[in-house]
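Results of the structural survey
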Amino acid sequence: MEQPLLEISGLHTSFDTFDGKVRAVDGVDLAVHPGKTLCVVGESGCGKSVTARSILRLIEDSGSIDAGTVTWNGDLIDGTGEAFDVLTLDPGDKRLQKLRGGDVGMIFQEPAASLLQLRTVGAQLVETLRLHTGLDKKAARAKAIELLDTVGIPDAARRVDAYPFQLSGGMCQRVMIAIALCANPSLLIADEPTTALDVTTQARILDLIRSLQAEHRMAVMFITHDLGVVAELADEVAVMYLGRVVERASVEELFADPKHPYTKALLASVPVLGRDRGRDLPTIPGAVPSPLHRPSGCSFHPRCAEAIAGTCDVEAPPEVDFGNGRTAECVLYETEGVRA
Ligand SMILES: Nc1ncnc2c1ncn2[C@@H]1O[C@H](COP(=O)(O)OP(=O)(O)OP(=O)(O)O)[C@@H](O)[C@H]1O
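In this text the structure is predicted, and so the values were computed from the model without any measurement.

1. A look at the overall build of the protein
Across its full length, the protein holds 12 helices and 13 strands. Sorting the 340 residues of the protein into buried and exposed places 40% on the buried side. Contacts in the protein between residues far apart in sequence, at least 24 positions, make up 60% of those at least 6 positions apart.

2. Here's the deal with unusual backbone geometry
Within the chain, Arg 57 stands out as a residue other than glycine whose phi angle is a positive 60°. As for its placement among the helices and strands, Arg 57 is situated in the loop between α1 (48-55) and β4 (63-72). By C-beta crowding, Arg 57 is classed as partly exposed, having 16 other C-beta atoms within 10 Å. Positive phi is not limited to glycine here, since Leu 242 has a value of about 45°. Assignment of secondary structure puts Leu 242 in the loop between β9 (236-241) and β10 (244-250). Using a count of 24 C-beta atoms within 10 Å as the deciding quantity, one classes Leu 242 as buried.

3. Things to note about the site of the ligand
Taken together, the neighbourhood of the ligand is formed by 18 residues, with Phe 15, Ala 24, Ser 44, Ser 49 and Val 50 sitting nearest. If you list the elements that add at least two residues to the shell around the ligand, you get β1 (6-17), β2 (20-32) and α1. With three residues, the single largest contributor to the shell around the ligand is α1. Among the residues forming the shell around the ligand, the class breakdown is six nonpolar, 10 polar and two charged.

4. Observations concerning the packing of helix α5 (residues 121-133) against helix α6 (residues 137-150)
As a packed pair, α5 and α6 sit with axes 9 Å apart at the nearest point and diverge in direction by 115°. In the crossing of α5 with α6, the sense of the turn from one axis to the other is right-handed. Where α5 approaches α6, its residues Gly 122, Leu 125, Val 126, Leu 129 and Arg 130 are matched on the opposing element by Lys 137, Ala 140, Arg 141, Lys 143, Ala 144 and Leu 147. Residues that form the contact of α5 with α6 fall into these classes: six nonpolar, one polar and four charged.

5. Regarding the pairing of strand β6 (residues 104-107)
Here β6 shows a buried face lined by Val 104 and Met 106 and a second buried face lined by Gly 105 and Ile 107. Where β6 lies against strand β7 (residues 187-191), four bridges are found, and the strand directions are parallel. Looking across to β7, one finds that Gly 105 is bridged to Leu 188.

6. Here's the deal with the sheet that holds β1
With antiparallel pairing, the four strands of this open sheet are ordered in space as β2-β1-β4-β5. Sheet topology places β2 and β5 (84-85) at the edges, where each strand pairs with a single neighbour. Of the pairings in the sheet, the one linking β1 to β2 comprises 10 bridges and is antiparallel in character. Opposite Ile 8, over in β2, you have Leu 30 as the bridge partner. Running at roughly 110° to β1, α1 makes contact with β1, β2 and β4 of the sheet.

7. Some words on the packing of α5 against helix α8 (residues 169-181)
Two quantities define a packed helix pair, namely the angle between the axes and the distance from one axis to the other. It is at 9 Å that the axes of α5 and α8 come closest, and there the two elements cross at 15°. By the angle class used here, α5 and α8 are roughly parallel. The hand of the α5/α8 crossing is right-handed. Contacts between α5 and α8 involve Val 121, Gln 124, Leu 125 and Thr 128 on the former and, on the latter, Val 175, Ala 178 and Ile 179. Here the contact of α5 with α8 is built from residues that sort into five nonpolar, two polar and no charged.

8. A closer look at the confidence of the model for the protein
Averaged over every residue, the pLDDT of the protein is 88; residues scoring 70 or more account for 93%. Here the predicted complex carries an ipTM of 0.97, next to a pTM of 0.91.

Definitions and limits used
- Residues numbered from 1 in each chain as written.
- Predicted model: local features only at pLDDT ≥ 70, side-chain atom pairs only at ≥ 80, totals over all residues.
- Helix = DSSP H or I, 4+ residues; strand = E, 2+ residues; numbered from the N terminus.
- Buried ≥ 20, exposed ≤ 12 C-beta atoms within 10 Å, placed from the backbone.
- Contact = placed C-beta atoms within 7 Å.
- Near = placed C-beta within 6 Å.
- Nonpolar A, V, L, I, M, F, W, Y, C, P; charged D, E, K, R; others polar.
- Axes fitted to C-alpha atoms, helices over the stretch in contact; angles between N-to-C directions.
- Left-handed = near helix turned anticlockwise from the far one by under 90°.
- Pairing = 2+ DSSP bridges.
- Parallel < 35°, antiparallel > 145°, perpendicular 65-115°, else oblique.
- pLDDT = per-residue confidence, 0-100.

This is the structure in structure tokens:
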């Protein structure tokens, strides 16, 4: 397979809280390839957002990235420089600024919280454009209007002077996408960007991301708990549970032959039209435990339908490597693959 654009290895991120140290991300390995979409999926609280924010070191003061590497190969791939570890860069390093909002665009779940409410969308776009592209004010404004038009904002020449509070949630999300795309990023990190939107707007935004990706060969890391979105968008999938990636597979393999009992349970809880009407869908018993009270052995064992007493509650599960980038962290496959 082609060299990854971004490689995360052994990432540990934690937060200091009154109740103790929360190990939100507890040894994550991931790779995103140029032009491909990696979907990171899992229930709320599994560490998806903290993983995404750790990539650009956008972690609150109470948090710290304790270990791991985040290797950016973008400059190596496009021939402008070397690969480097984002986590070891000095905070003032130009490469970090170039990544944030430049080579890596980010869109978040709540556009209203990410956009400045008292500045026009045009001003926010122009500022980002000037920072990353060096355009003068007039050219940046023209580009801002063009971008708003690209993301499907009707009457962009007028809306460029609107304030975020004058726009609908779907429009604000499109503005966020326009800002994220300002500098033609090689990677777009999208953290549940459509969760708060109605299904029609959601479908439009997914279409938009897909078409922009096809045009620019942009890689996408898409965080979601919605397996319907995964089926539509993903090339590769990483399933996260309690701060770890418990299964990695191509989207076809994941849906056709899920390995980890957690993945199986997630898939079983999605309705299938024509099959599940009038039937109760299985749900995963219990809830994701707090990382403060991590179960012993395999973290999923208290909720697992296939847990083996005396093993899964005692021993950390092995990471089994099935080849071709497919892995599962589960003792059930110990004899099938190679221990990674
Ligand atoms: N600033 C913080 N202080 C303390 N704990 C935090 C902080 N941010 C996140 N966490 C904890 O880290 C864990 C992972 O959170 P994260 O937001 O990454 O999960 P998620 O899988 O993205 O969930 P969601 O889909 O709800 O966003 C959770 O237990 C969360 O409570």
